Amino acid sequence: MTSRGEQTERRLVVAAAIVDDLEHPTQMLSARRSYPKELAGQWEFPGGKVDPGESPEQALHRELREELDLEVTLGREITGPDNGAWIITDRHIMRLWFARVTAGVPQPLVEHDHIEWLSRGNLFSVPWLDADVRIVEHVSGLLGEASGAEKP
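These figures come from a predicted structure and were not determined experimentally.

**Some remarks on the overall build of the protein**
Then, in step 1: Scanning the protein for helices and strands turns up 2 helices and 8 strands.
Then, in step 2: Reading the secondary structure of the protein in the N-to-C direction produces β-β-β-β-α-β-β-β-β-α.
Then, in step 3: A compact globule built from 152 residues would reach a C-alpha radius of gyration of about 15 Å, and the protein, at 15 Å, matches this within 12%.
Then, in step 4: For the C-alpha atoms alone, the extent of the protein along its principal axes is close to 50 × 30 × 30 Å.
Then, in step 5: Here the protein holds 152 residues, and the buried ones make up 39% of them.
Then, in step 6: Sequence separation of at least 24 residues holds for 72% of the intrachain contacts in the protein that already meet a minimum separation of 6.
Then, in step 7: By element, 48% of the accessible surface of the protein is carried by carbon and sulfur atoms, the whole surface being about 7,900 Å².
Then, in step 8: Between the averaged position of the 16 positive side-chain charges in the protein and that of its 26 negative side-chain charges there is a distance of 4 Å.

Written out as structure tokens, the structure is:
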């Protein structure tokens with residue numbers, strides 16, 4: 001049990017580190033927010049809120065269909081230091097999974113205006129949401145070096 005004001009009052013959101021390969025990832029898809037105004041232009045992991053009655057995995061599949069028109073296979077969960085998750089705001093806690101595209105071509109549909117495949121060496125070439133920076137730093141250590149491979 002957490003102390004009052006910790007995880008118990010935060011709403012769960014889910015997100016995906018969409019990578020080129022679940023076994024040996026070298027590139028990750030990032031998405032640039034188009035709104036709200038205070039977040040526009042910053043980059044994030046695609047995903048969203050878990051609705052009542054949904055499992056976190058069901059919510060993530062739904063969000064990726066709605067946001068990027070993708071079907072994915074989920075890989076392992078990238079556990080965080082906050083009881084296995086990642087505190088991202090005073091109102092939200094995030095769970096994150098590796099995912100690989102199985103159907104569709106990533107395209108920004110709803111909350112994003114641009115997407116980009118990034119390798120470990122250029123993960124920080126875009127301005128990430130403040131709350132995602134420590135998560136990107138962690139994921140960076142999980143990505144291998146690309147060997148001249150094409151983007152997925």
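**Some remarks on a nonpolar patch on the surface**
Then, in step 1: Residues Y35, L109 and V110 make up a contiguous nonpolar surface patch of about 260 Å² in total accessible area.
Then, in step 2: Relative to the helices and strands, Y35 resides in the loop between β2 (27-33) and β3 (43-44).

**Observations regarding the side chain of E44**
Then, in step 1: Examined against the element boundaries, E44 turns out to sit in strand β3.
Then, in step 2: Taking relative accessible area as the criterion, E44 reaches 8% and is therefore assigned buried.
Then, in step 3: Side-chain polar atoms of E44 contact the side chain of R33, separated by 3.3 Å.
Then, in step 4: Separated by 2.7 Å, the side chains of E44 and H112 make a polar contact.

**Overview of the sheet that holds β3**
Then, in step 1: Strand order across the open sheet formed by 3 strands is β3-β2-β8, with antiparallel pairing between neighbours. Taken across any chain shown, the strands that pair with only one partner, and hence form the sheet edges, are β3 and β8 (112-119).
Then, in step 2: With 7 bridges connecting them, β2 and β8 associate as antiparallel partners. Residue pairing in the sheet places S30 in a bridge with E116 of β8.

**A look at unusual backbone geometry**
Then, in step 1: The omega angle of the peptide bond from Y35 to P36 is -5 degrees, so this bond is cis rather than trans.
Then, in step 2: Note that P36 resides in the loop between β2 and β3.
Then, in step 3: Of note in this structure, D69 is not a glycine but carries a positive phi near 60 degrees.
Then, in step 4: In this structure, D69 sits in the loop between α1 (56-68) and β5 (71-77).
Then, in step 5: Of note, N83 is a non-glycine position whose phi angle comes to about 55 degrees, a positive value.
Then, in step 6: Tracing the sequence through the fold places N83 in the loop between β5 and β6 (86-87).

**Topic: the packing of aromatic side chains**
Then, in step 1: Following the criterion strictly, the structure yields 1 aromatic pair and no others.
Then, in step 2: Aromatic pair F45 and W128: ring centres 5.4 Å apart, planes at 40 degrees, arrangement tilted. Of this pair, F45 sits in the loop between β3 and β4 (47-49) while W128 sits in the loop between β8 and α2 (133-140), placing them 83 residues apart in sequence.
Then, in step 3: Look at F45 and you get buried, because its relative accessible area is 3%.

**Regarding the pattern of salt bridges**
Then, in step 1: All chains considered together, the criterion is met by 12 salt bridges.
Then, in step 2: Between R33 and E44 there is a salt bridge whose closest N-O contact spans 3.3 Å. Separated by 11 residues along the polypeptide, R33 in strand β2 and E44 in strand β3 bring together distant segments of the chain.
Then, in step 3: Residue classification places R33 among the buried positions, given a relative accessible area of 11%.
Then, in step 4: Ionic pairing is found between E54 and R62, a salt bridge with its closest N-O pair at 2.6 Å.
Then, in step 5: Here R62 falls in the buried class, since its relative accessible area comes to 14%.
Then, in step 6: Three or more residues are tied together by salt bridges with common partners; here these are R11, D51, E54, R62, E63 and E66.

The rules we used
- Residues numbered from 1 in each chain as written.
- Predicted model: local features only at pLDDT ≥ 70, side-chain atom pairs only at ≥ 80, totals over all residues.
- Heavy atoms only, no water.
- Helix = DSSP H or I, 4+ residues; strand = E, 2+ residues; numbered from the N terminus.
- Rg over C-alpha atoms; globule rule 2.2 N^0.38 Å.
- Buried < 20%, exposed > 50% of the residue type's maximum accessible area, 1.4 Å probe, protein only.
- Contact = heavy atoms within 4.5 Å.
- Areas by Shrake-Rupley, 256 points an atom, 1.4 Å probe, with all protein chains shown as cover.
- Lys, Arg positive; Asp, Glu negative; His and termini not counted.
- Charge placed at Lys NZ, Arg CZ, Asp CG, Glu CD.
- Patch = residues over 30% accessible without salt bridge, like charges linked within 9 Å, V, L, I, M, F, W, Y side chains within 5 Å.
- Salt bridge = Lys/Arg side-chain N within 4 Å of Asp/Glu carboxyl O.
- Polar contact = N/O pair within 3.5 Å; in protein donor to acceptor, adjacent residues only side chain to side chain.
- Pairing = 2+ DSSP bridges.
- Phe/Tyr/Trp six-rings, centres within 6.5 Å; stacked < 30°, edge-to-face > 60°.

On their own, these measurements won't tell you what the molecule is for.
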